[in-house]
Amino acid sequence: MATHARPSHPASPQTERQAARRRRMLRASAELAARGGFDAVQMREVAEVSQVALGTLYRYFPSKVHLLVATMQDKLGQLHTTLRERPPDGAGPAERVAETLMRAFRALQREPLLADAMVRALTFADRSVSAEVDQVTRQTMALILDAMGLADPSPAQLSAVRVIAHTWHSALITWVSGRASITQVGFDIETVCRLIDLTSAGPPQEPPGRTAPGPDR
């Protein structure tokens, strides 16, 4: 049985042909997960469906977890494009963010097995997938900042955005595990988005000797 050396860092496409090949892999991953969930995403089958060599798949995605986290990145990117084309129409930043995140949640809700597979991948991710998981967080924060209409957020606003992003991810986990209803998720999202109103008047005074954290970690 052939074995495939797994790179320590996923390859990045350098040409349009390579980018198209990577998109096929992500599309195959999403299709298989949507039909059968996490267990249905087998690397050999993904390679066959996307018509690439198994070694090529491993070069871009060293594991199934890498592949499914990247699939979530791709889905969030598609959602971001849709939201830019049809932005939320809430009266204020908090309402717009809540509407945006609930639209994102409902988009995932339409394919529950895919949502479960991607969320499971996020929870299974170890240090080798930290860059990809961080990218999912940054994409979620970008969705929130766009809905708020902020190009240059203050440290306090960035802190609120991080908390909101983490709450949204936690809400996804509790929903896919059956521990929270859609109504509960909506209530939690609306509640945490009120942090935006608390930071809109300006950043709070930092304690002496302490610096507010930046946007990354």
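Please refer to the structure placed before this passage.
First things first, this report covers the structure right here in the doc. For clarity, every value in this text was computed on a predicted model and none was experimentally measured.

## Digging into helix H1 (residues 16-36)
Think of an α-helix as 3.6 residues a turn; residues three or four steps apart then line up on the same face.
So, point 1. The end-to-end C-alpha distance of H1 is 30 Å, a good match for the 30 Å that 21 residues give at a rise of 1.5 Å each.
So, point 2. Within H1, the full set of buried residues consists of Ala19, Arg21, Met25, Leu26, Ala28, Ser29, Ala30, Leu32 and Ala33.
So, point 3. In this structure, the buried side of H1 is in contact with helix H2 (43-50), helix H3 (54-60), helix H4 (64-85) and helix H6 (112-124).

## Side note on the packing of aromatic side chains
So, point 1. The tally for this structure, following the rule as stated, stands at 3 aromatic pairs.
So, point 2. Centre to centre, the rings of Phe38 and Phe124 are 5.4 Å apart; their planes meet at 85 degrees, and the pair counts as edge-to-face. Of this pair, Phe38 sits in the loop between H1 and H2 while Phe124 sits in helix H6; the two residues are 86 residues apart in sequence, bridging distant segments of the chain.
So, point 3. Note on Phe38: relative accessible area 9%, which makes it buried.
So, point 4. The side chain of Lys64 reaches across the aromatic face of Phe38, ending 4.0 Å from its centre.

## Quick look at the packing of helix H7 (residues 130-148) against helix H8 (residues 155-176)
So, point 1. Direction vectors running N to C along H7 and H8 enclose 120 degrees, while the axes themselves pass 9 Å from each other. Between H7 and H8, the angle falls in the class oblique. Note on packing geometry: the crossing formed by H7 with H8 is right-handed. Where H7 abuts H8, its residues Val136, Thr137, Thr140, Met141, Ile144, Leu145 and Met148 lie against Leu158, Val161, Arg162, Ile164, Ala165, His166, Trp168 and His169.
So, point 2. Its residues assigned to classes, the contact of H7 with H8 comprises 10 nonpolar, 4 polar and 1 charged.

## Considerations on H8
So, point 1. The end-to-end C-alpha distance of H8 is 32 Å, a good match for the 32 Å that 22 residues give at a rise of 1.5 Å each.
So, point 2. Following H8 by one or two positions, Gly178 adopts a phi angle in the positive range, close to 80 degrees.

## Remarks on unusual backbone geometry
So, point 1. Non-glycine residue Gln51 carries a positive phi angle of around 60 degrees.
So, point 2. Mapping Gln51 onto the fold places it in the loop between H2 and H3.
So, point 3. For Gln51, a relative accessible area of 67% gives the class exposed.

## Remarks on the nonpolar core
So, point 1. If you look at the biggest cluster of nonpolar residues, it comprises 63 residues, and the most contacted ones within it are Leu57, Phe61, Met72, Val97 and Trp168.
So, point 2. Per-element tally for this core: the top contributor is H4, with 9 residues.
So, point 3. Here Val97 is in contact with Ile144, Ala147, Met148, Ile164, Cys193 and Ile196, once residues within four sequence places are set aside.

Thresholds applied
Throughout this description, residue numbers start from 1 for each chain and increase along the sequence as written. Restriction of local features to residues with pLDDT of at least 70 applies here, the model being predicted, together with a cutoff of 80 or more for giving and counting side-chain atom pairs; totals for whole chains, interfaces and linings are based on all residues. Note that the side-chain values use all heavy atoms of the structure and ignore hydrogens as well as water. Put simply, DSSP H or I for four residues or longer makes a helix, DSSP E for two residues or longer makes a strand, and each gets a number counted from the N terminus. One fewer than the residue count of a helix, multiplied by 1.5 Å, yields its expected span. Accessibility here uses a 1.4 Å probe with only protein chains present; expressed as a share of the type maximum, an area under 20% marks a residue as buried, one over 50% as exposed, and anything in between as partly exposed. Any two residues whose heavy atoms approach within 4.5 Å are treated as being in contact. What counts as a ring pair is set by centres within 6.5 Å for rings of Phe, Tyr and Trp (its six-membered ring), and what kind of pair is set by the plane angle: stacked under 30 degrees, edge-to-face over 60, tilted for all other angles. Counting as a charge over the ring demands two things of the Lys NZ or Arg CZ atom: a distance within 6 Å of the ring centre and an angle within 35 degrees of the ring normal. Here the axes come from fitting lines to C-alpha atoms, over the contacting stretch only for helices, and the angles between their N-to-C directions go from 0 to 180 degrees. By the definition adopted for this analysis, an angle is roughly parallel if under 35 degrees, roughly antiparallel if over 145, roughly perpendicular if from 65 to 115, and oblique otherwise. With the far helix as reference, a near helix turned anticlockwise by less than a right angle produces a left-handed crossing, and one turned clockwise produces a right-handed crossing. Three categories are distinguished: nonpolar for Ala, Val, Leu, Ile, Met, Phe, Trp, Tyr, Cys and Pro, charged for Asp, Glu, Lys and Arg, and polar for the others, with Gly belonging to the last. Put simply, buried Ala, Val, Leu, Ile, Met, Phe, Trp, Tyr and Cys residues joined by side-chain atoms within 4.5 Å make one nonpolar core.

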